[in-house]
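# Structural overview
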Amino acid sequence: MAQKSSRSTSKPALLNEKFWSTFAKSHWEKKPLLVRNVKSDLLQMSADEIFDLLVLYADRCRDLNDPEGFKFFIDGAKADQEEVLQVLPERDDKSLLGYHERMESEFSDYCLVCDELLQVNLKKQQYLTEFTDALYRHVGFPNRFSEMGLYLGNYKKTPFGVHVDSCGVFSFPVAGVKKFRLWPAAYGDKHPELDRTFSYEKHKKHSQLLEVGPGDMTYWPSSEWHIAESDGSFSATWSLGVWVDQPHKDVFSETLKALIDTKMGSVGEKVTTSFKTLHSQNGEVSELPKEYRDSIELLKNLSPSELEEAFLQSWTKHISLQGFKTMPHTEVKIAPKSKIQLRNDHSMILWQQSLTNKKMYAFSFGGVQIQSTSAGLLKLIKALNTGKALVPGDFLKGATLKNDIQSLQALANAGAIQKV
Ligand SMILES: [Fe+2]
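What you are looking at is a predicted structure, and each value in this text was computed from that prediction instead of being measured.

Relative to the elements of secondary structure, Ala-412 occurs in helix H11 (residues 401–413). For Ala-412, a relative accessible area of 0% gives the class buried. Distance from Ala-412 to Asp-92, taken between C-alpha atoms, is 34 Å for residues 320 residues apart in sequence. If we skip the residues at most four places from it in the chain, Ala-412 touches Thr-330, Val-332, Ile-334 and Ile-417.

As a further point, take the packing of aromatic side chains. Across all of its chains, the model carries 23 aromatic pairs by this definition. Here Trp-20 and Phe-23 contribute two aromatic rings whose centre-to-centre distance is 5.5 Å and whose plane-to-plane angle is 85°, an arrangement assigned as edge-to-face. Residue Trp-20 and its partner Phe-23 are located together in helix H1 (residues 17–27), separated by three residues, close to a single helical turn. For Phe-23, a relative accessible area of 1% puts it in the buried group. On the numbers, 5.8 Å between centres and 20° between planes, the contact of Phe-72 with Tyr-110 is stacked.

Next up on the list: the sheet that holds strand E5 (residues 70–74). Across the sheet, eight strands lie side by side as E3-E12-E9-E14-E8-E7-E5-E6; this open sheet has antiparallel pairing. Whereas interior strands pair on both sides, the edge strands pair on one side only; in this sheet they are strand E3 (33–35) and strand E6 (77–78). This element, helix H2 (residues 47–64), spans E5, strand E7 (110–115), strand E8 (146–153), strand E9 (167–175) and strand E14 (235–243) of the sheet and lies at about 100° to E5. Sheet strands touched by helix H4 (residues 96–104): E5, E7, E8 and E14. Its angle to E7, the strand with the most contacts, is close to 135°.

Looking at the metal site, the iron ion is ligated by His-163 (NE2), Asp-165 (OD) and His-226 (NE2), spaced 2.2 Å from it. Sequence positions of the donors to the iron ion reduce to the motif H-x1-D-x60-H. The partly exposed category is assigned to Asp-165, whose relative accessible area is 25%.

What follows concerns the nonpolar core. The biggest cluster of nonpolar side chains holds 57 residues, and the ones touching the most others in it are Phe-70, Phe-72, Leu-152, Phe-170, Phe-172, Met-217 and Trp-238. Broken down by element, the residue count for this core peaks at eight residues, all from H2. What Met-217 contacts, discounting residues up to four positions off in sequence, is Leu-15, Phe-19, Leu-33, Leu-34, Val-35, Val-38, Leu-43, Phe-131, Phe-170, Ser-171 and Phe-172. In terms of nonpolar packing, the next biggest core, distinct from the first, is built from 26 residues, Leu-342, Ile-370, Leu-377 and Ala-414 among them.

Take the sheet that holds strand E18 (residues 368–372) next. Overall, antiparallel pairing links the three strands, which are arranged E16-E17-E18 in an open sheet. Taken across any chain shown, the strands that pair with only one partner, and hence form the sheet edges, are strand E16 (350–353) and E18. The sheet shows a mean angle of 20° between the axes of neighbouring strands, direction not considered. Across four bridges, E16 lies against strand E17 (residues 361–365) in antiparallel orientation. Considered in E17, the bridge of Trp-351 is made with Phe-363. Most of the contacts of helix H9 (residues 304–319) go to E16, to which it runs at about 170°, and overall it touches E16, E17 and E18. Of the strands in this sheet, E16, E17 and E18 are in contact with helix H10 (residues 375–384), which crosses E17 at around 35°.

The subject of this paragraph is the packing of helix H7 (residues 248–264) against H9. At their nearest, the axes of H7 and H9 sit 10 Å apart, and the two run at 125° to each other. Taken together, the axis directions place H7 and H9 in an arrangement best described as oblique. In this structure, H7 meets H9 at a crossing whose hand is right-handed. In contact with Phe-252, Thr-255, Leu-256, Leu-259 and Lys-263 of H7, H9 contributes Glu-306, Leu-307, Ala-310, Phe-311 and Ser-314. Here the residues of the contact of H7 with H9 sort into six nonpolar, two polar and two charged.

Take the domain arrangement of the chain next. Segmentation of the chain into domains returns domain 1 (13–243), domain 2 (247–302) and domain 3 (315–420). For domain 2 versus domain 3, the distance between C-alpha centres works out to 37 Å.

Let us now look at the confidence of the model for the chain. Overall, the prediction assigns the chain a mean pLDDT of 93, with 98% of residues at 70 or greater. Note that pLDDT drops below 50 for residues 1–7; the model gives that stretch 20 contacts with residues more than four away or on any other chain.

Glancing now at the packing of H1 against helix H5 (residues 122–139). Contact pair H1 / H5: the axes reach a minimum separation of 9 Å and the direction vectors enclose 50°. Looking at the two axes, H1 sits oblique to H5. Considering only the axes of H1 and H5, their crossing is right-handed. The segment H1 lies against H5, with Glu-17, Trp-20, Ser-21, Phe-23 and Ala-24 engaging Phe-131, Ala-134, Leu-135, Arg-137, His-138 and Val-139. Partitioning the contact of H1 with H5 into residue classes produces seven nonpolar, two polar and two charged.

A few words now on the pattern of salt bridges. According to the stated counting rule, one finds 18 salt bridges in the structure shown. The shortest N-O distance in the salt bridge between Arg-62 and Asp-59 comes to 2.9 Å. Separated by three residues within a single helix, Arg-62 and Asp-59 lie in helix H2, roughly one turn from each other. Note on Asp-59: relative accessible area 33%, which makes it partly exposed. When the shortest N-O distance is used, the salt bridge between Asp-294 and Lys-290 registers 2.7 Å. Of the two residues, Asp-294 and Lys-290 are both situated in helix H8 (residues 290–300); the distance of four residues between them amounts to about one turn of the helix. For Asp-294, a relative accessible area of 35% gives the class partly exposed. Looking at Lys-290, the relative accessible area reads 51%, which means it is exposed.

Conventions used here
- Residues numbered from 1 in each chain as written.
- Predicted model: local features only at pLDDT ≥ 70, side-chain atom pairs only at ≥ 80, totals over all residues.
- Heavy atoms only, no water.
- Helix = DSSP H or I, 4+ residues; strand = E, 2+ residues; numbered from the N terminus.
- Buried < 20%, exposed > 50% of the residue type's maximum accessible area, 1.4 Å probe, protein only.
- Contact = heavy atoms within 4.5 Å.
- Phe/Tyr/Trp six-rings, centres within 6.5 Å; stacked < 30°, edge-to-face > 60°.
- Pairing = 2+ DSSP bridges.
- Axes fitted to C-alpha atoms, helices over the stretch in contact; angles between N-to-C directions.
- Donors = N, O, S within 2.8 Å, 3.2 Å for Na, K, Ca; no water.
- Core = buried A, V, L, I, M, F, W, Y, C linked by side-chain atoms within 4.5 Å.
- Parallel < 35°, antiparallel > 145°, perpendicular 65-115°, else oblique.
- Left-handed = near helix turned anticlockwise from the far one by under 90°.
- Nonpolar A, V, L, I, M, F, W, Y, C, P; charged D, E, K, R; others polar.
- Domains from an automatic or database assignment.
- pLDDT = per-residue confidence, 0-100.
- Salt bridge = Lys/Arg side-chain N within 4 Å of Asp/Glu carboxyl O.

Quick look at the structure:
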(Lines give C-alpha, C1' and ligand atoms only; values in the text may rest on other atoms or scores of the structure.)
Protein backbone atom coordinates (compact mmCIF):
# COMPACT_ATOMS: atom_id res chain seq x y z
CA MET A 1 0.00 0.00 0.00
CA ALA A 2 1.33 3.45 -0.84
CA GLN A 3 1.84 6.07 1.83
CA LYS A 4 0.85 9.27 0.06
CA SER A 5 2.61 12.53 0.51
CA SER A 6 1.06 15.10 2.82
CA ARG A 7 3.94 17.55 2.94
CA SER A 8 1.93 20.72 2.63
CA THR A 9 -0.09 20.07 5.78
CA SER A 10 2.31 18.29 8.10
CA LYS A 11 4.07 19.96 11.03
CA PRO A 12 7.88 19.96 10.92
CA ALA A 13 9.31 16.82 12.53
CA LEU A 14 12.25 17.48 14.83
CA LEU A 15 15.08 14.97 15.08
CA ASN A 16 15.30 15.44 18.84
CA GLU A 17 16.06 13.04 21.71
CA LYS A 18 12.50 11.79 21.74
CA PHE A 19 12.61 11.04 18.02
CA TRP A 20 15.90 9.15 18.27
CA SER A 21 14.96 7.10 21.32
CA THR A 22 11.71 5.99 19.65
CA PHE A 23 13.65 5.31 16.48
CA ALA A 24 16.20 3.15 18.32
CA LYS A 25 13.49 1.22 20.15
CA SER A 26 10.99 0.62 17.37
CA HIS A 27 12.69 1.02 13.98
CA TRP A 28 16.45 0.47 14.00
CA GLU A 29 17.07 -2.93 12.34
CA LYS A 30 13.38 -3.70 12.97
CA LYS A 31 11.03 -1.93 10.57
CA PRO A 32 10.89 0.87 7.96
CA LEU A 33 10.00 4.44 8.80
CA LEU A 34 8.77 7.43 6.81
CA VAL A 35 8.91 10.95 8.28
CA ARG A 36 7.46 13.98 6.49
CA ASN A 37 8.81 17.49 6.63
CA VAL A 38 11.93 16.79 8.66
CA LYS A 39 13.61 19.78 10.26
CA SER A 40 17.36 19.23 10.03
CA ASP A 41 20.27 21.20 8.55
CA LEU A 42 21.18 18.14 6.52
CA LEU A 43 17.79 18.06 4.82
CA GLN A 44 17.62 21.79 4.38
CA MET A 45 20.49 21.70 1.88
CA SER A 46 19.03 23.05 -1.34
CA ALA A 47 19.33 21.59 -4.84
CA ASP A 48 21.51 24.61 -5.78
CA GLU A 49 23.93 23.98 -2.90
CA ILE A 50 24.19 20.35 -3.91
CA PHE A 51 24.79 21.34 -7.53
CA ASP A 52 27.70 23.54 -6.38
CA LEU A 53 29.22 20.64 -4.42
CA LEU A 54 28.86 18.34 -7.42
CA VAL A 55 30.62 20.80 -9.74
CA LEU A 56 33.40 21.28 -7.18
CA TYR A 57 33.89 17.55 -6.87
CA ALA A 58 33.63 17.02 -10.65
CA ASP A 59 36.20 19.78 -11.30
CA ARG A 60 38.58 17.99 -8.95
CA CYS A 61 38.02 14.71 -10.82
CA ARG A 62 38.64 16.42 -14.16
CA ASP A 63 41.86 17.99 -12.82
CA LEU A 64 43.10 14.61 -11.59
CA ASN A 65 41.71 12.84 -14.69
CA ASP A 66 40.19 10.33 -12.25
CA PRO A 67 36.43 9.96 -11.64
CA GLU A 68 36.97 8.18 -8.27
CA GLY A 69 33.85 8.78 -6.17
CA PHE A 70 31.51 8.96 -9.18
CA LYS A 71 29.65 6.09 -10.85
CA PHE A 72 27.46 6.41 -13.93
CA PHE A 73 24.88 3.91 -15.20
CA ILE A 74 23.33 3.95 -18.68
CA ASP A 75 20.26 1.69 -19.04
CA GLY A 76 21.42 -0.08 -15.89
CA ALA A 77 24.95 -0.78 -17.19
CA LYS A 78 27.95 0.73 -15.40
CA ALA A 79 29.98 3.12 -17.57
CA ASP A 80 33.78 2.84 -17.61
CA GLN A 81 36.06 5.49 -16.09
CA GLU A 82 36.71 7.44 -19.28
CA GLU A 83 33.01 7.63 -20.07
CA VAL A 84 32.27 8.83 -16.54
CA LEU A 85 34.64 11.79 -16.95
CA GLN A 86 32.63 12.86 -20.02
CA VAL A 87 29.26 13.00 -18.27
CA LEU A 88 30.01 14.80 -14.99
CA PRO A 89 28.19 18.02 -14.04
CA GLU A 90 29.74 21.27 -15.28
CA ARG A 91 29.43 24.88 -14.12
CA ASP A 92 27.72 25.71 -17.46
CA ASP A 93 24.85 23.36 -16.56
CA LYS A 94 23.91 26.09 -14.00
CA SER A 95 21.67 23.80 -11.90
CA LEU A 96 20.81 20.17 -11.18
CA LEU A 97 17.96 20.50 -13.68
CA GLY A 98 20.29 22.04 -16.25
CA TYR A 99 22.59 19.04 -15.86
CA HIS A 100 19.62 16.73 -16.13
CA GLU A 101 18.46 18.35 -19.37
CA ARG A 102 21.89 17.84 -20.92
CA MET A 103 21.97 14.18 -19.83
CA GLU A 104 18.39 13.47 -20.80
CA SER A 105 19.04 14.63 -24.37
CA GLU A 106 21.59 11.80 -24.61
CA PHE A 107 20.33 9.08 -22.28
CA SER A 108 16.76 7.91 -21.80
CA ASP A 109 17.82 6.08 -18.62
CA TYR A 110 20.84 7.30 -16.64
CA CYS A 111 21.94 7.36 -13.02
CA LEU A 112 24.83 9.34 -11.56
CA VAL A 113 26.06 8.28 -8.13
CA CYS A 114 28.46 10.37 -6.09
CA ASP A 115 29.84 8.92 -2.85
CA GLU A 116 31.43 11.10 -0.21
CA LEU A 117 30.26 14.29 -1.92
CA LEU A 118 30.10 16.14 1.39
CA GLN A 119 33.85 15.70 1.78
CA VAL A 120 34.38 18.81 -0.37
CA ASN A 121 32.66 21.05 2.15
CA LEU A 122 33.47 20.90 5.83
CA LYS A 123 30.38 22.81 6.93
CA LYS A 124 28.04 20.49 5.03
CA GLN A 125 29.98 17.49 6.32
CA GLN A 126 29.23 18.82 9.82
CA TYR A 127 25.46 18.64 9.11
CA LEU A 128 25.90 14.97 8.31
CA THR A 129 28.05 14.38 11.40
CA GLU A 130 25.40 15.96 13.62
CA PHE A 131 22.86 13.52 12.19
CA THR A 132 25.07 10.43 12.52
CA ASP A 133 26.30 11.43 16.01
CA ALA A 134 22.71 11.50 17.26
CA LEU A 135 22.01 8.19 15.55
CA TYR A 136 25.12 6.53 17.04
CA ARG A 137 24.32 7.79 20.53
CA HIS A 138 21.08 5.84 20.34
CA VAL A 139 21.90 2.73 18.34
CA GLY A 140 25.65 2.46 18.98
CA PHE A 141 28.76 3.31 17.00
CA PRO A 142 29.05 1.27 13.78
CA ASN A 143 31.81 -1.35 13.84
CA ARG A 144 32.26 -0.64 10.14
CA PHE A 145 31.09 2.81 9.00
CA SER A 146 28.38 4.92 7.34
CA GLU A 147 28.50 6.17 3.76
CA MET A 148 26.56 9.03 2.23
CA GLY A 149 25.88 8.94 -1.51
CA LEU A 150 23.93 11.16 -3.88
CA TYR A 151 21.81 9.35 -6.51
CA LEU A 152 20.67 11.46 -9.40
CA GLY A 153 18.95 10.73 -12.72
CA ASN A 154 15.85 9.69 -14.60
CA TYR A 155 16.36 5.94 -14.11
CA LYS A 156 13.13 4.05 -13.75
CA LYS A 157 14.48 1.39 -11.42
CA THR A 158 17.60 0.78 -9.32
CA PRO A 159 20.14 -0.38 -11.95
CA PHE A 160 20.71 -3.74 -10.22
CA GLY A 161 17.09 -4.67 -9.50
CA VAL A 162 15.51 -5.77 -6.23
CA HIS A 163 18.23 -6.41 -3.67
CA VAL A 164 19.22 -6.42 -0.04
CA ASP A 165 22.32 -4.64 1.32
CA SER A 166 24.31 -5.13 4.48
CA CYS A 167 23.37 -1.65 5.60
CA GLY A 168 20.41 0.14 7.08
CA VAL A 169 19.49 3.00 4.74
CA PHE A 170 18.27 6.55 5.36
CA SER A 171 17.04 8.35 2.23
CA PHE A 172 16.52 12.08 1.82
CA PRO A 173 15.15 13.25 -1.55
CA VAL A 174 16.57 16.56 -2.75
CA ALA A 175 14.60 17.01 -5.99
CA GLY A 176 11.70 15.16 -7.58
CA VAL A 177 9.60 12.39 -6.09
CA LYS A 178 11.14 9.08 -5.21
CA LYS A 179 9.45 5.75 -4.58
CA PHE A 180 11.01 2.92 -2.64
CA ARG A 181 9.39 -0.49 -2.76
CA LEU A 182 10.22 -2.71 0.21
CA TRP A 183 9.68 -6.33 1.21
CA PRO A 184 10.40 -7.65 4.70
CA ALA A 185 13.28 -10.13 5.15
CA ALA A 186 10.94 -13.06 5.81
CA TYR A 187 9.16 -12.52 2.47
CA GLY A 188 12.47 -12.22 0.59
CA ASP A 189 13.73 -15.44 2.20
CA LYS A 190 10.65 -17.31 0.95
CA HIS A 191 10.94 -15.79 -2.55
CA PRO A 192 14.56 -15.95 -3.67
CA GLU A 193 13.42 -15.18 -7.24
CA LEU A 194 13.14 -11.54 -6.06
CA ASP A 195 16.95 -11.27 -6.01
CA ARG A 196 18.18 -8.85 -8.74
CA THR A 197 14.87 -9.01 -10.60
CA PHE A 198 13.11 -6.16 -12.41
CA SER A 199 9.84 -8.06 -12.86
CA TYR A 200 8.06 -8.40 -9.56
CA GLU A 201 4.47 -7.64 -10.55
CA LYS A 202 3.03 -10.61 -8.62
CA HIS A 203 5.01 -9.72 -5.49
CA LYS A 204 3.82 -6.11 -5.39
CA LYS A 205 0.85 -6.78 -3.16
CA HIS A 206 3.21 -8.00 -0.43
CA SER A 207 5.40 -4.92 -0.63
CA GLN A 208 5.29 -1.53 1.04
CA LEU A 209 5.71 1.55 -1.16
CA LEU A 210 7.25 4.66 0.40
CA GLU A 211 6.72 7.77 -1.71
CA VAL A 212 8.88 10.70 -0.67
CA GLY A 213 9.84 14.17 -1.79
CA PRO A 214 12.26 16.90 -0.68
CA GLY A 215 12.11 17.41 3.11
CA ASP A 216 11.02 13.83 3.80
CA MET A 217 13.12 11.02 5.19
CA THR A 218 12.82 7.27 5.00
CA TYR A 219 14.65 4.51 6.78
CA TRP A 220 14.69 0.79 6.18
CA PRO A 221 16.61 -1.95 8.04
CA SER A 222 19.50 -3.85 6.46
CA SER A 223 17.36 -6.99 6.08
CA GLU A 224 14.70 -5.28 3.93
CA TRP A 225 14.57 -6.17 0.20
CA HIS A 226 14.18 -3.01 -1.86
CA ILE A 227 14.19 -1.26 -5.21
CA ALA A 228 13.79 2.41 -6.17
CA GLU A 229 11.11 3.17 -8.77
CA SER A 230 10.33 6.26 -10.80
CA ASP A 231 8.17 7.25 -13.77
CA GLY A 232 11.28 8.43 -15.63
CA SER A 233 11.20 12.02 -14.41
CA PHE A 234 14.22 13.60 -12.71
CA SER A 235 15.07 12.96 -9.09
CA ALA A 236 18.05 13.47 -6.80
CA THR A 237 18.32 11.68 -3.46
CA TRP A 238 20.80 11.41 -0.59
CA SER A 239 21.26 7.93 0.70
CA LEU A 240 23.02 7.23 3.99
CA GLY A 241 24.00 3.59 4.40
CA VAL A 242 24.93 2.48 7.91
CA TRP A 243 26.85 -0.80 7.54
CA VAL A 244 25.95 -3.49 10.02
CA ASP A 245 28.04 -6.38 8.69
CA GLN A 246 30.95 -6.23 11.13
CA PRO A 247 30.18 -8.16 14.34
CA HIS A 248 32.07 -7.38 17.52
CA LYS A 249 33.83 -10.75 17.44
CA ASP A 250 35.50 -9.78 14.13
CA VAL A 251 36.68 -6.40 15.41
CA PHE A 252 37.94 -7.97 18.61
CA SER A 253 39.83 -10.83 16.98
CA GLU A 254 41.36 -8.51 14.38
CA THR A 255 42.98 -6.42 17.13
CA LEU A 256 44.04 -9.49 19.06
CA LYS A 257 45.59 -10.93 15.91
CA ALA A 258 47.58 -7.74 15.30
CA LEU A 259 48.84 -7.82 18.90
CA ILE A 260 49.86 -11.48 18.71
CA ASP A 261 51.50 -10.95 15.30
CA THR A 262 53.80 -8.27 16.72
CA LYS A 263 54.61 -10.38 19.78
CA MET A 264 55.43 -13.56 17.86
CA GLY A 265 58.34 -12.27 15.85
CA SER A 266 60.04 -14.68 13.45
CA VAL A 267 58.25 -17.78 14.79
CA GLY A 268 55.04 -16.28 13.43
CA GLU A 269 56.56 -16.25 9.94
CA LYS A 270 57.33 -19.98 9.83
CA VAL A 271 55.46 -21.80 7.08
CA THR A 272 56.15 -25.37 8.20
CA THR A 273 55.93 -26.90 11.68
CA SER A 274 58.54 -29.33 13.07
CA PHE A 275 57.24 -32.51 14.72
CA LYS A 276 58.52 -35.72 16.25
CA THR A 277 55.57 -37.97 15.46
CA LEU A 278 52.24 -36.90 14.01
CA HIS A 279 50.23 -39.50 15.92
CA SER A 280 50.62 -42.75 17.86
CA GLN A 281 50.09 -46.19 16.33
CA ASN A 282 46.43 -46.21 17.30
CA GLY A 283 45.87 -42.76 15.76
CA GLU A 284 45.90 -40.70 18.95
CA VAL A 285 47.31 -37.17 18.73
CA SER A 286 48.58 -36.15 22.17
CA GLU A 287 51.46 -33.77 21.71
CA LEU A 288 51.65 -30.22 20.39
CA PRO A 289 54.67 -29.10 18.35
CA LYS A 290 57.09 -26.68 20.01
CA GLU A 291 55.88 -23.67 17.99
CA TYR A 292 52.41 -24.12 19.43
CA ARG A 293 53.62 -24.57 22.99
CA ASP A 294 55.75 -21.44 22.70
CA SER A 295 52.86 -19.43 21.26
CA ILE A 296 50.55 -20.57 24.08
CA GLU A 297 53.17 -19.35 26.56
CA LEU A 298 53.20 -16.02 24.73
CA LEU A 299 49.42 -15.72 25.11
CA LYS A 300 49.65 -16.59 28.82
CA ASN A 301 52.30 -13.92 29.30
CA LEU A 302 50.24 -11.08 27.87
CA SER A 303 49.59 -8.69 30.73
CA PRO A 304 46.17 -7.14 31.37
CA SER A 305 47.57 -3.69 30.55
CA GLU A 306 49.06 -4.88 27.26
CA LEU A 307 45.67 -6.27 26.28
CA GLU A 308 43.79 -3.19 27.42
CA GLU A 309 46.19 -0.91 25.61
CA ALA A 310 45.92 -2.79 22.31
CA PHE A 311 42.13 -2.54 22.37
CA LEU A 312 42.10 1.06 23.61
CA GLN A 313 44.34 2.08 20.73
CA SER A 314 42.36 0.26 18.05
CA TRP A 315 39.08 1.62 19.43
CA THR A 316 40.51 5.18 19.44
CA LYS A 317 41.76 4.81 15.88
CA HIS A 318 38.33 3.51 14.83
CA ILE A 319 36.31 6.30 16.48
CA SER A 320 38.72 8.92 15.12
CA LEU A 321 37.00 8.34 11.74
CA GLN A 322 33.74 9.48 13.41
CA GLY A 323 31.87 6.52 11.94
CA PHE A 324 32.77 7.26 8.30
CA LYS A 325 34.85 5.39 5.78
CA THR A 326 37.15 8.36 5.20
CA MET A 327 37.50 11.90 6.50
CA PRO A 328 37.76 15.04 4.36
CA HIS A 329 41.44 15.54 3.49
CA THR A 330 43.39 18.77 3.22
CA GLU A 331 46.72 19.91 1.94
CA VAL A 332 48.50 22.09 4.48
CA LYS A 333 52.21 22.39 5.03
CA ILE A 334 53.00 22.73 8.73
CA ALA A 335 56.10 24.63 9.84
CA PRO A 336 57.21 25.55 13.39
CA LYS A 337 56.06 29.14 12.80
CA SER A 338 52.71 28.33 11.13
CA LYS A 339 49.61 29.50 12.96
CA ILE A 340 47.37 26.45 13.17
CA GLN A 341 43.96 25.46 14.47
CA LEU A 342 41.68 22.42 14.44
CA ARG A 343 39.79 22.33 11.13
CA ASN A 344 36.63 21.66 13.06
CA ASP A 345 36.03 22.30 16.78
CA HIS A 346 33.89 19.17 16.94
CA SER A 347 36.62 16.95 15.52
CA MET A 348 39.34 16.73 18.16
CA ILE A 349 42.62 14.90 17.87
CA LEU A 350 42.13 11.90 20.16
CA TRP A 351 44.96 10.73 22.36
CA GLN A 352 45.90 8.43 25.21
CA GLN A 353 48.84 7.69 27.43
CA SER A 354 50.35 4.24 27.04
CA LEU A 355 49.48 1.85 29.87
CA THR A 356 52.76 0.00 29.55
CA ASN A 357 55.14 2.94 29.02
CA LYS A 358 53.97 6.09 30.77
CA LYS A 359 56.15 8.27 28.52
CA MET A 360 54.48 7.08 25.32
CA TYR A 361 51.36 8.67 23.79
CA ALA A 362 49.17 7.67 20.85
CA PHE A 363 47.41 10.39 18.80
CA SER A 364 44.58 9.56 16.40
CA PHE A 365 42.70 11.41 13.70
CA GLY A 366 40.78 10.18 10.65
CA GLY A 367 41.99 6.60 11.11
CA VAL A 368 45.64 7.68 11.32
CA GLN A 369 47.49 6.92 14.55
CA ILE A 370 50.94 8.11 15.56
CA GLN A 371 53.02 7.25 18.61
CA SER A 372 55.22 9.80 20.35
CA THR A 373 57.08 10.34 23.61
CA SER A 374 57.04 14.14 23.20
CA ALA A 375 55.46 15.92 26.18
CA GLY A 376 55.52 19.15 24.11
CA LEU A 377 53.44 17.53 21.38
CA LEU A 378 50.89 16.37 23.96
CA LYS A 379 50.67 19.89 25.39
CA LEU A 380 50.20 21.36 21.92
CA ILE A 381 47.47 18.88 21.00
CA LYS A 382 45.61 19.43 24.26
CA ALA A 383 45.73 23.18 23.56
CA LEU A 384 44.56 22.67 19.94
CA ASN A 385 41.64 20.62 21.24
CA THR A 386 40.37 23.70 23.10
CA GLY A 387 39.78 25.26 19.68
CA LYS A 388 42.53 27.92 19.96
CA ALA A 389 44.81 29.04 17.13
CA LEU A 390 48.45 28.31 18.06
CA VAL A 391 52.01 28.37 16.82
CA PRO A 392 53.68 24.91 17.11
CA GLY A 393 57.09 26.52 17.74
CA ASP A 394 55.77 27.85 21.08
CA PHE A 395 55.30 24.26 22.28
CA LEU A 396 57.83 22.19 20.37
CA LYS A 397 61.52 22.72 20.88
CA GLY A 398 64.92 21.07 20.85
CA ALA A 399 65.95 17.68 19.52
CA THR A 400 62.40 16.38 19.01
CA LEU A 401 61.18 19.40 17.01
CA LYS A 402 61.67 17.80 13.60
CA ASN A 403 59.90 14.57 14.59
CA ASP A 404 57.07 16.48 16.26
CA ILE A 405 56.46 18.59 13.16
CA GLN A 406 56.35 15.38 11.12
CA SER A 407 53.77 13.94 13.53
CA LEU A 408 51.69 17.11 13.27
CA GLN A 409 51.99 16.94 9.49
CA ALA A 410 50.65 13.36 9.53
CA LEU A 411 47.63 14.53 11.57
CA ALA A 412 47.18 17.52 9.22
CA ASN A 413 47.26 15.20 6.18
CA ALA A 414 44.51 13.17 7.82
CA GLY A 415 42.39 16.35 7.90
CA ALA A 416 42.77 17.46 11.55
CA ILE A 417 44.46 20.84 11.16
CA GLN A 418 44.18 24.04 9.15
CA LYS A 419 46.41 27.10 8.88
CA VAL A 420 44.92 30.42 9.97
FE1 LIG B 1 20.21 -0.70 -1.85
